[in-house]
Amino acid sequence: MFWHLLLVAVLLGVLWIRKRFAYWKDRGVPYVEPTFPHGNLSGMGSTVHMSDITRKVYQQLKPKATGTGFVGMYFFTNPVTLVIDLELIKAVLVKDFQYFHDRAVYHNEKDDPLSGHLFAMEGNKWRNLRSKLTPTFTSGKMKMMYPTILTVAEEFNKCLANEIRVQDELELKELLARFTTDVIGNCAFGLECNSLKDAEAEFRRMGRKAFEGSRIKIMKRFLSSQYPNLARKLGVTSTAPDVSKFFLGAVRDTVQYRLKHNVQRNDFMDLLMELMKEQDREGLSIEEAAAQAFVFFLAGFETSSTAMAFCLYELAGSEELQSKARANVTEVLARHEGKLTYEALQDMKYIEMCINESLRKYSPAATIIRIATKDYPVPGTKHIIPKGQTVLIPVHGLHHDPEYYPNPDRYQPERFDEATKSQRNPYTFLPFGEGPRNCIGLRFGLMQARIGLAVLLRNFRFTVSPKMATPLPISKASTVYSIEGGLYLKSCCRPPLDNMWLTIALLFASLVVLCYGWVRRRSRFWRDRSVAYIEPQFPYGNFKTLGKVEHIAPITQRHYDHFKRLGVPYGGVFMLISPVLYIFDPALIKTLLVKDFQYFPNRGVYFNERDDPLSAHMFAIEGQKWRTLRAKLSPTFTSGRIRMTLPLVLEVSHRLTDHLRDTIRTSSNVVEMHDLLARYTIDVIGACAFGIECNSFREPDNEFRRYGKIAFDKLPHSPLVVYLMKAFRAYANALGMKQLNDDVSSFFSKVVKDTVEFREREQFVRNDFMDLLLKLKNTGRLESDGEEIGRLTPEEVAAQAFIFFTAGYDTSSTAMTYTLYELALNQQAQGKARECVQRTLEKYGGELTYEAVSDMPYLEQCINETLRKHPPVALLERNADKDYRMPDSGLVLRRGQKIIIPIYAMHRDERYFPEPDAYRPERFTPEEVAKRPSHTYLPFGEGPRICIGMRFGSLQAKVGLASLLSRFRFTICEETQIPVQYSRTNFILGPANGVWLRVEQL
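K.L.:
What is the right way to read the packing of aromatic side chains from this model?
P.N.:
Remark: the centre distance and the inter-plane angle together describe each pair of aromatic rings, the angle taken between the planes. Going through the model one piece at a time under the given rule, you end up with 30 aromatic pairs. Centre to centre, the rings of Phe 247 and Phe 294 are 5.0 Å apart; their planes meet at 65°, and the pair counts as edge-to-face. Separated by 47 residues along the polypeptide, Phe 247 in helix α11 (residues 241–261) and Phe 294 in helix α13 (residues 286–316) bring together distant segments of the chain. Here Phe 247 and Phe 294 have matching classes, each one buried. Between Phe 310 and Tyr 362, the ring centres sit 4.1 Å apart and the planes meet at 5°, which makes this aromatic pair stacked.

What follows is the structure, encoded as C-alpha cells:
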C-alpha cells in the first residue's frame, strides 16, 4: 500500500512539475526550457553568476519578445517574468509601480531581526519608513557628511602611501573595502572603525563575513525568496548569528551612549533615534533601528568599494583614460584653490563618467526583482502577470546590449557625456534601479566613490599587475557582482618635484586633447540629434562676423535663407560652442511662445542682482520673481494709465516741433533725425518715468542724454562677451561681471533715489510712471481702495524705472527715425500719412486727444510697416526651463537649451510679405493682416512675455510723428545713406551713421 501511495505521489509530483514547466508554453510566451530542479538556475553560484544567466536569456530571447515585451524563465519550479521592452520596464518601475512595489527579498523579522530592513520591507511598512528615511539622503545632508568622508579619504591616502613604501604591488579590493567600512562606520554609527589601520578590525571582519558567499548560501537565499512563507515557518535566517549579535550590540551601545551623554552628530544614527522616539505613531524598536543601520552599512560599503575596484582596474589598464581622469581631478582642483571641496567634487564630470561606465559594465546588482502585488494586465497585450509572480529586470543584459551600448565589453566613459547620454533611453542604465523604490542611498554611494577615486588618482598612478587573470574573474557565489579573489595593481606615487614641469606639460597636453575632443563632440550636437544645421567654425560657431563686421540681423537672415531652402521647421546653429535652435514655423512659434509658455518663460538675458542691481529688471529676471513683478506692473500699462501720460507727451512734442522749426530757420534744413528723435524720447521718458525736465532740445548733452547714449553705444563688453555672460551666467555673476557701466548705474540709481526722496518728502504727485512705482513701493496698491498687488523694494523701483527709460528711449526713437526715412523715400506714402493725420485733427477739433491718436489708421500702418522692415530687436530668445519634446518630433530640448525666433528674417520672408524690401503700409490693413498666418509679425514678441510697454511706445511714436508730419515735409538729401547701414555693436537695430533728411516747414 505504501509503495502504491508513493508511486501515486511521485506521478502526481511529476505531473505537477510538468504542468509548472509548461506555464509559459501554455501562454504563448517565449521562454528558455527549464531543467529540474533548478529551472533556469543550473550552475548558479558554482559555474556561473546570476548575471550570466539573465544576460544569456535576455540575448537569446530578445528578438522573440517583440509581441509581448517580456519573456519567461524559471526559478526552480516558479515561473518568472523577464522584462525586455523598455516601456514595459518603465511601467513596472514607475508608471504602474502600485502593482510592483515589493522586491521579493526574503526577510524574517522574528528569527532574524536584521533582515527587516528597508531594502526588504513591503507594503505600507516600507512606504512609511521610506518617507521617514528619505530626508537623510538629500543633497544638504550629503554635504553635512562630506567632511567626515573626506577625513577618512585622507587617512586612506596615508595608508596607501605607507603600503607603497613596502611594496609597489597592492591588493586594492580589500583596501577599498576597508576605506568604505570606515566611511560607513563613521556616518552610520558614529564610530571609528579603524579598518584602514587594522585589517582585522571587528567592523571589517563582520562586514566581510556578511558577504561571504557559497553555492549553498546562494541557493538558500533564492529558495527563501521563492517560498518565503515556508522558509519563515522553518525559521530560515539570512544573517549569521555572530554578525547579527555584533550589529545589534553596536546599535544598542551607540544609542545608549548618545542618550546618556546627549551626543548629537546629525548623522544616520541620529535620525534612527528620532524615529525610535516618535509619540504620534509606533516608533522603531531597537531591532528595527539596527536593521536599518545594518543595511546602510552593507549597501554602502560593499557596492561602493566594488564599483571603485572595477573603475580602478579599467583605468589601470588604459594609460590614456587614467590620464584623462587624473587631468580632470587636477584641473578642477586648480579652479578650487587645490581644495577637494564638495563643490569641486560635483565639477569632476569625467570621474563621474568613469564611475557610470564602471556601473554599466560591472553592475553591482545584476537584476532588479519585483513581485506583482495584484494581477497586472500587460499594456498592449492580452497577457496578465498574476499576483505573486516574480518580475525580473535584466540590468546586466540591458547594460551589455549592443543596441544601446555599441561594443558593450569595451570600457568607454564617453558613453556618459551629456550629449551621448541624452540620446539614450534612460531605462537602459539602471545601476540603482528607478522609480519610488530606487536605491535611497545612491547619492551617498556615488559621493564616497568619487572622493575615493579623486584622492587616489590625484596622488597615485596605477597599472595592472601580471597576477591579474584575463578576462577579469568574477565571483560566482557573491550576491554583489564582484572580483573573484583580489584586485592586484602596481601603484606608484605622483611624480617628484624635479619632474613637475614635465607633469605640467603632460597635463596641459591632456587638457588640450580633452578640450579638442569636447569641442569636436560639441560641434556634432545637432547632427547627433538628426537636426538640420550649419557647420560651425571654431571658436565663433556660426556668428564669426557679429559685432566686428555686422549686426546680428543680417547674420540671422543668411541662416534663415539657408534653412528655408531646406524646408525645415527649425534648424541648429552654434553661438561660440553653445548649440542654439532657430524656430521658423509660425504654428510652432505660437506653440512655444503661448501654448507651452511654461517650458520657455525666460529670455536668457544676463543680469547680476548683487553687483549690478539695475540689471535685475522685468525684461531680464526669471521664474517666480518675474511672474510676481509682471503681475504688479501690468496694471500700470493699461489704456487708462497710458492716457494719463498723454499731456506730458504732448508738451514734449510741442518742444520737438518748435526746436525743429527754429533749426531749419536759423541753421540748416538738413537734419540728423535719429539724434533729434532720441532727444524727444529722452524728454518724454524723463518726464513720464522720473518727473524730470531733461531739456534735451536746449541742452543736447544733458546728463540723461549723455548717460543714455553711453548705456547703448559704449557697452562695457563686446556682443560675443555678452553672449558668454548669458551662457555662463553663474560664473559671470561669481566674477562680478556687469551689464552696465558703473557710471551709468550710479547716475540712474542716484536719480531714482533723489526723485523718490523728493516726492515722498514733499508729497509731490504727477500721475506718471514714477508715481505708480511709488504707490506700489509704499502701499502695494495703485489706488487707495484698490486691490493689493504687492509691494516693490527700492531696488526693484530703480531697476524698473531704468528699463522703462532704456526700452522706451532708443526703441521708439529708432522706430520713428526709420518711419521718417521710409516716408522720405516714398513721398506718396508720406502724403497719405499726412492726410490721415490732418483728417483726424479736423475730426477732433485740431486737438491731439487720446482718441485722436488712436484714430490714425494709416499712420499706425506706417509704423507697423517700419517695425516689419526694421524691427528694433532682430530676434526673440527663450531658454527651456525644463525638458521639452518638440511637437510631432522625437527631438527633446533639454533644460537650458536656447531657442531663437529670427524676427528680422521672418519679417522679410516673401511668403508672408511679398516684395519684402518694398515699403508698403497697406500690408497692415485689417484685410491684409487677416490673410497672413499668425506669429509671422512679432516686433513686440508674443505670449505672456510680450513687451509690457508697447502701448506707451506706440503712443509716444504716434504723437511725435503726427506732430512732425502735420507741420513738416521730409525728403532725402545728399547726406542720406541709401540703404541705411545698421550699427554693428548696438543691441538695438539702430542706424550706424544716423539718418539725414531735408526738412521743409509746411
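Next, the rest of the story.
K.L.:
Help me understand the packing of helix α26 (residues 646–666) against helix α39 (residues 950–965) in this model?
P.N.:
Any two packed helices are characterised by how steeply their axes cross, that is the angle between the axes, and by the distance between the axes. Between α26 and α39, whose axes approach to 9 Å, the crossing angle comes to 35°. Crossing of α26 against α39: the hand is right-handed. Contacts between α26 and α39 involve Leu 646, Val 649, Leu 650, Ser 653, Leu 656, Thr 657 and Leu 660 on the former and, on the latter, Phe 952, Leu 955, Gln 956, Val 959, Gly 960, Ser 963 and Leu 964.

K.L.:
Any chance you could explain helix α22 (residues 552–566) here in plain terms?
P.N.:
Because an α-helix completes one turn every 3.6 residues, residues spaced three or four positions apart along the sequence face the same direction. For α22, built from 15 residues, the straight-helix expectation of 21 Å at 1.5 Å per residue is met to within 8% by its first-to-last C-alpha distance of 22 Å. Those residues of α22 lying buried are Ile 552, Ala 553, Ile 555, Thr 556, Gln 557, His 559, Tyr 560 and Phe 563. Structurally, α22 contributes buried residues whose contacts are with β10 (570–575), β11 (578–583) and α37 (903–906). At the exit of α22 stands Gly 567, carrying a positive phi of roughly 70°.

K.L.:
In this structure, what is going on with the environment of Ser 478? I would like to understand it.
P.N.:
Tracing the backbone shows Ser 478 in the loop between β8 (460–464) and β9 (488–493). Using a relative accessible area of 8% as the deciding quantity, one classes Ser 478 as buried. For the pair formed by Ser 478 and His 49, sequence separation is 429 residues and the distance between their alpha carbons is 7.9 Å.

K.L.:
Would you take a moment to explain the sheet that holds β10 for this structure?
P.N.:
Pairing between sheet strands relies on hydrogen bonds along the backbone, with the strands arranged either parallel or antiparallel. Ordered by their spatial adjacency, four strands build an open sheet running β10-β11-β16-β13, and the pairing between neighbours is mixed. The sheet is open, and its two borders are formed by β10 and β13 (876–879), each paired with just one other strand. The average angle at which neighbouring strand axes cross in this sheet is 30°, direction not considered. Where β10 meets β11, six bridges bridge the pair, whose relative direction is antiparallel. By the bridge assignment for β11, Gly 572 is matched with Leu 581. In the packing of α22 onto the sheet, the strands contacted are β10 and β11, and the crossing angle to β10 comes to about 140°.

K.L.:
Looking at this model, I keep getting lost on empty space enclosed by the protein. Mind explaining?
P.N.:
It is the rolling of a water-molecule-sized probe over the atoms that shows where space remains empty. Throughout the structure, instances matching the rule amount to two cavities of 30 Å³ or more. When its volume is computed, the largest cavity comes out at roughly 90 Å³. What lines the largest cavity is a set of 12 residues, and nearest its centre among them are Thr 636, Arg 641, Thr 645, Phe 769 and Leu 772. Those elements that provide at least two residues to the lining of the largest cavity are α25 (639–644) and α32 (769–778). Among the elements that take part in the lining of the largest cavity, α25 stands out by supplying three residues, more than any other. When the residues that make up the lining of the largest cavity are grouped by side-chain class, the tally is seven nonpolar, three polar and two charged. By volume, the second largest cavity is sized at about 50 Å³. What lines the second largest cavity is Tyr 23, Trp 24, Arg 27, Val 29, Phe 70, Thr 81, His 383, Ile 384, Ile 385 and Gln 389. Of all the secondary-structure elements, those providing two or more residues to the lining of the second largest cavity are α2 (23–26) and β6 (384–385). Here the lining of the second largest cavity is built from residues that sort into six nonpolar, three polar and one charged.

Calculation criteria
- Residues numbered from 1 in each chain as written.
- Predicted model: local features only at pLDDT ≥ 70, side-chain atom pairs only at ≥ 80, totals over all residues.
- Heavy atoms only, no water.
- Phe/Tyr/Trp six-rings, centres within 6.5 Å; stacked < 30°, edge-to-face > 60°.
- Helix = DSSP H or I, 4+ residues; strand = E, 2+ residues; numbered from the N terminus.
- Buried < 20%, exposed > 50% of the residue type's maximum accessible area, 1.4 Å probe, protein only.
- Axes fitted to C-alpha atoms, helices over the stretch in contact; angles between N-to-C directions.
- Left-handed = near helix turned anticlockwise from the far one by under 90°.
- Contact = heavy atoms within 4.5 Å.
- Expected span 1.5 Å × (residues − 1).
- Pairing = 2+ DSSP bridges.
- 1 Å grid on protein atoms, 1.4 Å probe; cavity = no way out; pocket = protein on both sides within 12 Å on 5 of 7 lines; lining within 4 Å.
- Points joined across faces, edges and corners; volume = space filled by probe spheres on them.
- Nonpolar A, V, L, I, M, F, W, Y, C, P; charged D, E, K, R; others polar.

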